[in-house]
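Listed below are the residues making up each chain.
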Amino acid sequence: PFRIWLQQQEQLLHSSNYGQSNKSIRSTVMKYTFSVPDMSCGHCKSHIESALQEWGKASSWTVNLETKTVEVESTEPACMIARIIQDEGYTPVEK
């Protein structure tokens with residue numbers, strides 16, 4: 001349900017006429033770090049990793065269960081990544 005909405009929003013972003021400057025911004029890979037305090041086991045870790053892989057818009061990611069952090073490199077904004085993690089049932093807080 002949410003992933004369908006997210007895909008529709010991404011399609012709107014990519015199909016809209018935002019101007020050349022926004023297109024160059026969107027192609028820059030950024031590294032985001034999220035604290036995920038409710039990630040407590042290997043099953044949680046694999047859920048988040050699978051969701052990021054399925055999403056397909058992260059160039060790399062590291063899910064660290066010990067520090068309860070998720071680091072993601074992507075051209076997408078932090079809010080999109082946070083929603084992917086939230087959709088799996090966790091509470092990400094961008095650092």
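Treat the numbers as computed from the prediction; the structure is a model and nothing was measured.

S.K.: Can you lay out the environment of K45 for me, pointing to particular residues and giving the numbers?
M.R.: Along the polypeptide, K45 turns up in helix 3 (residues 42–55). Relative accessible area serves as the criterion here: at 27%, K45 is assigned to the partly exposed category. Taking the C-alpha atoms as reference points, K45 and V70, 25 residues apart in sequence, are found 9.1 Å from one another. Setting aside residues no more than four positions away along its own chain, K45 makes contact with M39 and V63.

S.K.: Lay out the nonpolar core in plain terms, naming residues and giving numbers.
M.R.: In terms of nonpolar packing, the biggest core is built from 21 residues, with I48 and V70 touching the most fellow members. Every element with two or more residues in this core is listed here: strand 1 (30–35), helix 3, strand 2 (58–64), strand 3 (69–74) and helix 4 (78–87).

S.K.: Let's hear about the pairing of strand 1: which residues, and what values?
M.R.: The pairing of strand 1 with strand 3 spans six bridges and is classified as antiparallel. Its bridge partner being in strand 3, S35 is matched across the sheet by T69. Here strand 1 pairs with strand 4 (residues 93–94) via two bridges, running antiparallel. Bridge pairing in strand 4 links F34 to E94.

S.K.: Tell me about helix 4, residues and numbers included.
M.R.: Taken as a whole, helix 4 has its buried residues at A78, M80, I81, A82, I84 and I85. Just downstream of helix 4 lies G89, where phi reads positive at about 100°.

S.K.: Explain the pattern of salt bridges residue by residue, including any values.
M.R.: Proximity of charged atoms lets side chains of opposite charge pair with each other. Enumeration according to the criterion identifies two salt bridges in this entry. Here K31 and E71 are joined by a salt bridge, their closest N and O atoms 3.6 Å apart. Here K31 is found in strand 1, whereas its partner E71 is found in strand 3, with 40 residues between them in sequence. Looking at E71, the relative accessible area reads 30%, which means it is partly exposed. Across the pair K45 and E49 runs a salt bridge whose closest N-O atoms are separated by 3.6 Å. Taken together, the residues K45 and E49, both in helix 3 and four residues apart, mark about one turn of the helix. Judged by relative accessible area, which is 25%, E49 ranks as partly exposed.

S.K.: Run through helix 3, naming residues and quoting values.
M.R.: Counted at 1.5 Å a residue, the expected span for helix 3 with its 14 residues is 20 Å, and the 20 Å between its end C-alpha atoms agrees. Listed as buried for helix 3 are C44, I48, A51, L52 and W55. The buried residues of helix 3 occupy an angular sector of 95° when projected down its axis, which confines them to one face. Looking at helix 3, the residues exposed on the side facing more than 90 degrees away from the buried face are H43, Q53 and E54. Following helix 3 by one or two positions, G56 has its phi on the positive side, about 80°.

Calculation notes
- Residues numbered from 1 in each chain as written.
- Predicted model: local features only at pLDDT ≥ 70, side-chain atom pairs only at ≥ 80, totals over all residues.
- Heavy atoms only, no water.
- Helix = DSSP H or I, 4+ residues; strand = E, 2+ residues; numbered from the N terminus.
- Buried < 20%, exposed > 50% of the residue type's maximum accessible area, 1.4 Å probe, protein only.
- Contact = heavy atoms within 4.5 Å.
- Core = buried A, V, L, I, M, F, W, Y, C linked by side-chain atoms within 4.5 Å.
- Pairing = 2+ DSSP bridges.
- Salt bridge = Lys/Arg side-chain N within 4 Å of Asp/Glu carboxyl O.
- Expected span 1.5 Å × (residues − 1).
- Arc of directions from axis to C-beta.

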